[in-house]
Each structure stands twice: as structure tokens, then as C-alpha cells.
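Topology and contacts: notes
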Amino acid sequence: MYDTGSTAFMLVCTMLVLLMTPGLAFFYGGLSRRKNVINTMFMSFMVIGIAGLTWVFVGWSLAYGGSGDNPIIGGFDQVGLAGTVELLLAEAQSVPDGTLYPTVLDIVFQMAFALITAGIVTGSVAGRMRFGAIALFIGIWSVVVYAPLAHMVWGGEESLIGGIIGALDFAGGDVVHISSGLTGLVLCLFLGGRKGFGLKTYRAHNVPFVALGAGLLWFGWFGFNGGSAFAADHIAVLAVLNTVVSSAAGMASWMVVDRLATGKCTLVGACTGLVAGLVVVTPAAGYVEPWAAVVMGIVVSPVCFFAISHLKARLGYDDALDAFGCHGIGGILGGVLTGIFCVPELSPTGIGGLIYTGNAELLADQVLGILVTAAAVLVLDVAIAIVVKAVFHGRLRVDGGEEALGLDVAQHGESAYPAYTGLDV
């Protein structure tokens, strides 16, 4: 019989990861401008419908279908989840050796990853991208970029990044954070900056929303990292512990940097540090000791702070809600640090990090895996953006009048804070 403990554990973890996408909506919504909060939150919710359906119909098959001997994609044998019921019934009658829970559960668990990844992308384009354009982009991207990348990293011994190269990614450093961060960077470069970018300061319009969203993300992240052990075992416990201490260290570190840079500790800064600490430990959560997770959390905040407060302004790209500055940069740093701090006994390849082995074999694999991820994502992103731009007759962003009015009214005919008229409407 299945291990009911691990089955229940994975069901709970799946629900936790699914919660992260609505949580991201509050986090991004609070960071956005008042006139764009509905549009910003709607983009996060939109991916549930679009990326959810693309995952069911083709994403799962491209990521985890096939015979496992293709280094780039899975296959087309499970398009539309063909044979799912038959598989479930067959498993119920004869459980394969070593199976802890029904493999059908993986479809939903991995779907939750696809949703939050697509949601992260939308933060970079807040305040200026046409809703239809971002919806089409996400639909194509989920199939063309996310699903093959998931296979390349987590598709088994023959997969390009996780198998052939041997790069480690416990819960999504490459697949989730680097891919979404780089995609956000590409899109914001295609769009150009918001009107007034570089001349005015954009502030979070609703700090309690930011705190609520960060809290939901933090809560869901325990399913994100803990569930990536795929069993209710000692590795899951280690992943959860590392997730706690790295996020705590990231928050504390950001508060220190905030105080040194601005003279004050801010709640928005603390929440951003919390998320950065979660991002950096994601690729390493089941592979490192807690002290290393603390170091990772401490290091990531000044690095991301510099990217958000200095690098963005210096290079002139308008990453509106800092998807690249937090997730892209944090994910890259986490992948590199995994190559330094990975405990040999916890490594699925048997190759430990630099500080344990004295050689840089795993570190080199991590860097190569990141470079391959970046190259694949950037090339495909540009191609998809060109296609979407052509579909929308060269107009990815709203016109100047709509941007000035705000995308809530211009794109959706709604307002988060309608003027009070004295009428009960």
C-alpha cells in the first residue's frame, strides 16, 4: 500500500504551493501603484487559468512524459493527461516498489510550481503592459520555456541540466527563479520604462498588502521546499528547517542594509529580505546544513539590495516590482552557493560542495547549469516576445493615455478604491 503519511504530506504541500500564487497577487498588488493594483493582482490570478490549463493539456507531458531519454523535452504521450485514470487504477491495484504516493499527485504538485513561476514574471511589467499581451505571452511561455526547462533540470539521468551536466536544483533555483527573473528582465526591456522612470520615486501603495502577501508566500514556501523531498522524511524536515533559517537571516540582513542605506528599517524592505532569503535557499534546501542556509540568507540581501537600488538605475531597465532583482539575482546566487555548501552525503550525484571536497567540480556544474538555463530562457523569451508583439500589431504596452489613467480602469473598467459618493453601491 501507499505510505499514507507521505501521501497526506504531499497533498498538504501541494495545497501550500497553490496558495503561493494568490499570495503573490497581494505581495505584488501592495507594491504597485494605486491606479494599477487590480491589473497587477489580476495578472497573478490570470496565470491560474492560463498556465493551469496549458499544464494539464501539454505542459506535464513535455516536462515529465516520454521515455526519459530525451535531454530537452519529455514527450507527447501524456498530452491532455491521457491515461491518467488507468494509471491511477493500476497503481491502486499494484503499487510499484519504492512508490510512496500515487504519481498522479505529482501532476498537481508540479502544476503549482508552473503557476507561481509564471506569476513571478508579471511583476516586471506592472503598470504598462497590455493585459491580452501578457496573457498570450504566459500561455506560450508556459509550454515553450517552463515545461522543457523543468524536464532539463528534473527529468532524470538523461536530462540536460540535472542529468548530463549534473547541476543540482532541489526545489527550483533554475526552473522557477532564474527562469522567471530573466523572463521579467527581457519583457521589461521590450516594453521600456514606465513614464517618469528615473525621474520619480515609485512607492508601495499598500504596505499591509505587501506584508500579507509575504506572509502567504512564506507559509506556502514550506510546501514548496519541503514537498520537493517527495516524502515525509528527514530530507523534508531539513528542507523546512533551512527554509525557516534562511528566510529569517534574509530578513534580518535586509533590515541591517536598509538601516545603513536609508537610516530606517522598513516593513517593505523586511518583507523583500524575507522573500530573498526564501529564493536563495530554494536550490539548496535539502542539500545544505542549517548554518550554511543562514549564511546564504545573510549574503543574499545585500546582493539583491544592490541590484534593486543601484544596478537597475545604472543600467536603465525598469523591472517594476523587481522580479529580476529578487528572483533572478537571488536564484543565480543560490545556485552558485549550492556548489559551495552542498553536503556530499546529501548530494544525489555524490559530489559535494567546495568547502567539503576542496575541489570545484560541483561548483563548475552549477555555474554551467545556470549558463545553459539563462541561454535557453533568453533566446526563447526574445522569440516569444517578438511573436506576441506581432500578434498585437507591434504594441505590447498600453498607450500613454491609458498608462496615465491607470490600467485598472483602462484595461479592466474597475477601480480598487472607487471614490466615495455617499451611495451604498
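Just so we're clear, the structure is a prediction, and the values are computed from it rather than from any experiment.

Each value, and the rule that gives it
Residues numbered from 1 in each chain as written. Predicted model: local features only at pLDDT ≥ 70, side-chain atom pairs only at ≥ 80, totals over all residues. Heavy atoms only, no water. Core = buried A, V, L, I, M, F, W, Y, C linked by side-chain atoms within 4.5 Å. Buried < 20%, exposed > 50% of the residue type's maximum accessible area, 1.4 Å probe, protein only. Helix = DSSP H or I, 4+ residues; strand = E, 2+ residues; numbered from the N terminus. Contact = heavy atoms within 4.5 Å. Salt bridge = Lys/Arg side-chain N within 4 Å of Asp/Glu carboxyl O. Expected span 1.5 Å × (residues − 1). Polar contact = N/O pair within 3.5 Å; in protein donor to acceptor, adjacent residues only side chain to side chain. Patch = residues over 30% accessible without salt bridge, like charges linked within 9 Å, V, L, I, M, F, W, Y side chains within 5 Å. Areas by Shrake-Rupley, 256 points an atom, 1.4 Å probe, with all protein chains shown as cover. Axes fitted to C-alpha atoms, helices over the stretch in contact; angles between N-to-C directions. Left-handed = near helix turned anticlockwise from the far one by under 90°. Nonpolar A, V, L, I, M, F, W, Y, C, P; charged D, E, K, R; others polar. Lys, Arg positive; Asp, Glu negative; His and termini not counted.

Below, the discussion takes up the nonpolar core. Within the largest apolar cluster, 115 residues are counted, with the highest numbers of intra-cluster contacts made by Phe27, Ile134 and Phe224. The element contributing the most residues to this core is helix H5 (residues 131-154), with 14 residues. Once you skip the residues sitting within four places of it in the chain, Phe27 turns out to touch Phe209, Val210, Gly213, Ala214, Leu217, Cys271 and Val275.

On to the pattern of salt bridges. One pass over the full model with this rule turns up three salt bridges. The shortest N-O distance in the salt bridge between Asp322 and Lys312 comes to 2.8 Å. You can see Asp322 sitting in the loop between helix H11 (290-315) and helix H12 (323-341) and its partner Lys312 sitting in helix H11, a full ten residues away along the chain. A relative accessible area of 16% places Asp322 in the buried class. A relative accessible area of 11% places Lys312 in the buried class. We note a salt bridge from Arg397 to Glu403, for which the minimum N-O separation is 2.7 Å.

A separate point is helix H10 (residues 267-281). One full turn of an α-helix is made of 3.6 residues, so residues set three or four places apart face in the same direction. Taking 1.5 Å of rise per residue, 15 residues should cover 21 Å, and H10 covers 22 Å from first to last C-alpha, within 8% of that figure. Among the 15 residues that make up H10, 13 are buried, leaving the element largely enclosed by the rest of the structure. For H10, the side-chain oxygen to backbone nitrogen distance between the N-cap and Gly269 is 3.0 Å, and the N-cap itself is Thr266.

Moving on, we get to a nonpolar patch on the surface. Residues Trp291, Leu354, Ile355 and Tyr356 make up a contiguous nonpolar surface patch of roughly 350 Å² in combined accessible area. Among the elements that line the nonpolar patch, the one with the most residues is helix H13 (residues 354-357), at three residues.

This paragraph deals with unusual backbone geometry. At Phe230, a residue that is not glycine, the phi angle is positive and equals roughly 60°. Within the secondary structure, Phe230 is located in the loop between helix H8 (207-226) and helix H9 (234-262). Since its relative accessible area comes to 30%, Phe230 is described here as partly exposed. At Asp322, a residue that is not glycine, the phi angle is positive and equals roughly 65°.

So, on to the packing of H5 against helix H7 (residues 173-191). One can describe the packing of H5 onto H7 by two numbers: an axis separation of 10 Å at closest approach and a directional angle of 145°. Handedness of the H5/H7 crossing: right-handed. From H5, Ile134, Phe137, Trp141, Tyr146, Leu149, Ala150, Val153 and Trp154 reach across to H7, where they touch Asp174, Val175, Ser179, Thr183 and Leu187. A breakdown of the residues in the contact of H5 with H7 according to their chemical character gives ten nonpolar, two polar and one charged.

Locating Ile329 in the fold gives a position in helix H12. Note on Ile329: relative accessible area 16%, which makes it buried. As a C-alpha pair, Ile329 and Val300 span 29 residues in sequence and 8.6 Å in three-dimensional space.

We now examine the side chain of Asp258. As for its placement among the helices and strands, Asp258 is situated in helix H9. Summary of buried charges: Asp258 has no salt-bridge partner, and the nearest side chain of opposite charge, Arg203, is 9.5 Å away. Setting aside chain neighbours within four positions, we find Asp258 in contact with Gly263, Lys264, Cys265, Thr266, Gly269 and Phe305.

Turning to its location among the elements, Ala214 is positioned in helix H8. In this structure, the C-alpha to C-alpha distance between Ala214 and Ser415, residues 201 residues apart in sequence, is 23 Å. What Ala214 contacts, discounting residues up to four positions off in sequence, is Phe27, Cys271 and Leu274.

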